[in-house]
Amino acid sequence: MSVYLSEYINPDSRRYLEEHVRVVDNFDNPEEIEGIILRVLPVDAGLMDKLPNLKVISKHGVGCNTIDLAAAKERGITVINTPGANAGSVAELIVGLILDISRNITSAKEKTQEGLFKKVAPAEMTGMELTGKTLGLIGAGNIARKAADILSGGFKMKVLAYDPYVTAERMSEYGYEKVETVKELIERSDVVNVSVPLTPETKDLISGRMFDSFKKGAVLVNAARGGIVNEADLYEALKSGKLRAAACDAFVTEPPTKENTRLFELSNFIGTPHIGACAEEALVRMGDESVRECLKVLAGEEPAHRVV
């Protein structure tokens, strides 16, 4: 029995996996592979068909957009993920990005290093306080709720949330006000956070005329997936001043560079290379859970977090 693993996971988790199965990083003997553990590896129907004994695909993380879930279901292949393991680390990055773009931290650092300021407290670096402002959540899952806990608890932010899969009663239990449309949420929020998976329904969810609905001086953060916020339209919104600032940890083309996104031309934008889950503690949790749940399925047991 073999499990395919070609991407980095916590070394202790890898060693535990190696104690139970043969770990391979190639498809030279496809009939032996019964499991795949992945971070960003694309797994489509064609690859599944090359692995006749594949039983489980284990996602080291949450988003399964690189896996053809319909194809896996058709072939009786179990797909699992680790939805809570990285929630804290991604939420903390979201809060960091919001603070950064609200107070111009990265921009001030870069301009200071370039010697562009002739006096302290330059007017062009004037930022926005978060205390008492309104936070809008697009998606109210584990990550978004942890970020909202930090921002509402620490900065007394009011929380609005759009999530068609969460009832108004449950939103009230969280301490949020449920809104029925993305447009309404954007119109009422000072800070908008995107925490939804990339699906046909969420592709370009924020695009085009939607940017006209943002409050003056609002900021936007997307640490979910590239393609939910249309990058070309975001560029125009930032350049025209429809948004104060924006930050992304996820892009259509990754890793992001000046060559594949114009957003880096703008001083009111910051981008990071999908590092939301890159905290030591989160990597330990994701590695441990993705390995143990993979082995559980191979042993014929029901996993804790089945996607398909």
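Below: a short report on this structure. (Residues numbered from 1 in each chain as written. Predicted model: local features only at pLDDT ≥ 70, side-chain atom pairs only at ≥ 80, totals over all residues. Heavy atoms only, no water.)

### Some details on the sheet that holds strand β2 (residues 22-24)
As summarised here, the arrangement of the five strands in space is β2-β1-β3-β4-β5, forming an open sheet in which the pairing is parallel. What marks the edges here is a single partner per strand, and that holds for β2 and β5 (78-80). Adjacent strand axes in the sheet meet at a mean angle of 20 degrees when their direction is disregarded. Across three bridges, strand β1 (residues 2-4) lies against strand β3 (residues 33-38) in parallel orientation. Of the residues in β3, the one forming a bridge with Tyr4 is Ile36. (Pairing = 2+ DSSP bridges. Helix = DSSP H or I, 4+ residues; strand = E, 2+ residues; numbered from the N terminus. Axes fitted to C-alpha atoms, helices over the stretch in contact; angles between N-to-C directions.)

### Considerations on the sheet that holds strand β11 (residues 245-248)
Judged by pairing direction, the sheet is parallel, and its seven strands sit side by side in the order β8-β7-β6-β9-β10-β11-β12 without closing on themselves. A single partner strand is all that each edge strand has here, and the edge strands are β8 (177-178) and β12 (269-271). Pairing geometry for strand β7 (residues 158-162) and β8, over two bridges, is parallel. Bridging from a neighbouring strand, Leu160 pairs with Glu177 of β8.

### Side note on the pairing of β7
Sheet analysis places strand β6 (residues 134-138) next to β7, joined by five bridges and oriented parallel. Among the inter-strand pairings, Leu135 is bridged to a residue of β7, identified as Val159. Between the parallel pair β7 and β8, the chain is carried across by helix α7 (residues 168-174), and the sense of this crossover is right-handed. (Right-handed = clockwise from strand over helix to strand, strands pointing away.)

### Looking at the pairing of β3
In terms of burial, β3 is a largely internal element, six of the six residues being buried. One ladder, built from four bridges, connects β3 with strand β4 (residues 56-59); its direction is parallel. The partner of Ile37 across the bridge, within β4, is Ser58. (Buried < 20%, exposed > 50% of the residue type's maximum accessible area, 1.4 Å probe, protein only.)

### Points about the nonpolar core
One finds Ile94, Leu135, Leu137 and Val191 to be the most contacted residues of the largest nonpolar core, which totals 37 residues. Elements represented by at least two residues in this core include exactly α4 (87-103), β6, α6 (142-155), β7, β10 (219-222), β11 and α10 (280-298). Of all the elements, α4 adds the most residues to this core, at nine residues. What Ile94 contacts, discounting residues up to four positions off in sequence, is Ile143, Ala147, Asn193, Ser195, Val221 and Ala223. (Core = buried A, V, L, I, M, F, W, Y, C linked by side-chain atoms within 4.5 Å. Contact = heavy atoms within 4.5 Å.)

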